Amino acid sequence: MPFNMDTLLIDKRLIEDYNGSFNTKFKISEDIGFFIKLLCIEKISSVPLVLAHYLRHDNSATTRKWDAEKWESTVRLFFDAESYCKLYYQDKLPQFYRIMNYRIYRFCLDVMKTGNIDKAILYIDKYDKQWYFVIKAANRLNDKIKCKLFLLKNRMLFKMFWNKCYKNYSDSSTQKR
């Protein structure tokens, strides 16, 4: 999203009429979950001006050491918003699912980039139903190939392939974190 939640103006009646709130069970990204639900009930407009500045502190969620369990909430918030989307935005469900599945794919790649292949495999298996949808919707061949790799049931072959073909990719990504 090209903005922060602190820059939104929301009519209080929308929150009251549609029972909109932040889901506090998420450790991070609860604002994104709220925003997804908001998009299900109301069209959003933006002003292409910088009207606020976001200050990141050393101990904020976006600057702390990356933790897969914590960041998984960026995936789970879509499952939380799914029933809301079905209720208020049913005609846009295909777009919702495309965005959700791509977020799940990016999350699993992020776990792999940390070098913890075994943990990544746990998440790949957990979200195994999504890979077919990502393959179908992906525009980039590279994304399709990675998802087909995720579908390999032989995990030893998966690890060998990932380590051989994506070692440089993982090394350079890990250095950036």
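This structure is a prediction, so every number in the text was calculated from the model and none was measured. Along each chain, the written sequence defines residue order, and numbers are assigned to residues from 1. In keeping with the model being predicted, local features are shown solely for residues with a pLDDT of at least 70 and side-chain atom pairs are shown and tallied solely at 80 or more, while totals for entire chains, interfaces and linings include all residues. To get the side-chain values, take all heavy atoms of the structure and skip hydrogens and water.

**Brief notes about the side chain of D143**
Numbering goes from the N terminus for both helices and strands, where a helix is a DSSP run of H or I of at least four residues and a strand is a run of E of at least two. Structurally, D143 is set in helix α8 (residues 141–150). Judged by its relative accessible area of 4%, D143 is buried. Side-chain atoms alone can form a polar contact between residues adjacent in sequence; in general such a contact is a pair of N or O atoms within 3.5 Å, and within protein one must be able to donate a hydrogen while the other accepts it. Within the structure, D143 has its side chain in polar contact with the side chain of Y105 (distance 2.6 Å). Buried residues are those whose accessible area, probed at 1.4 Å on protein chains only, stays under 20% of the maximum for their type, while exposed residues exceed 50% and partly exposed ones sit between those limits.

**Side note on the packing of helix α2 (residues 30–41) against helix α4 (residues 73–88)**
Lines are fitted to the C-alpha atoms to define the axes, a helix being fitted only along its stretch in contact, and any angle between axes, read from their N-to-C directions, falls within 0 to 180 degrees. Where α2 contacts α4, the two axes come as close as 9 Å, and the packing angle between them is 10°. Looking at the two axes, α2 sits roughly parallel to α4. In this structure, α2 crosses over α4, and the sense of that crossing is right-handed. Side by side, α2 and α4 meet where I32, G33, I36, K37, C40 and I41 of the first sit next to L77, F78, D80, A81, Y84, C85 and Y88 of the second. Gly counts as polar in this scheme, as do all residues outside two lists: the nonpolar Ala, Val, Leu, Ile, Met, Phe, Trp, Tyr, Cys and Pro, and the charged Asp, Glu, Lys and Arg. The residue inventory of the contact of α2 with α4, partitioned by class, reads 10 nonpolar, 1 polar and 2 charged. The scheme is simple: roughly parallel for angles under 35 degrees, roughly antiparallel for over 145, roughly perpendicular for 65 to 115, oblique for anything else. Here a crossing is called left-handed whenever its near helix is offset anticlockwise from the far helix by less than a right angle, and right-handed whenever the offset is clockwise. Whether two residues are in contact is decided by their heavy atoms: any pair within 4.5 Å suffices.

**Concerning the environment of D31**
Tracing the backbone shows D31 in helix α2. With a relative accessible area of 28%, D31 lands in the partly exposed category. Once the C-alpha coordinates of D31 and L77 are considered, the two residues, 46 residues apart in sequence, prove to be 9.7 Å apart.

**Quick word on the side chain of Q130**
You can see Q130 is positioned in helix α7 (residues 130–137). Looking at Q130, the relative accessible area reads 11%, which means it is buried. Discounting chain neighbours no more than four positions away, the residues touching Q130 are F79, M100, N101 and I104.

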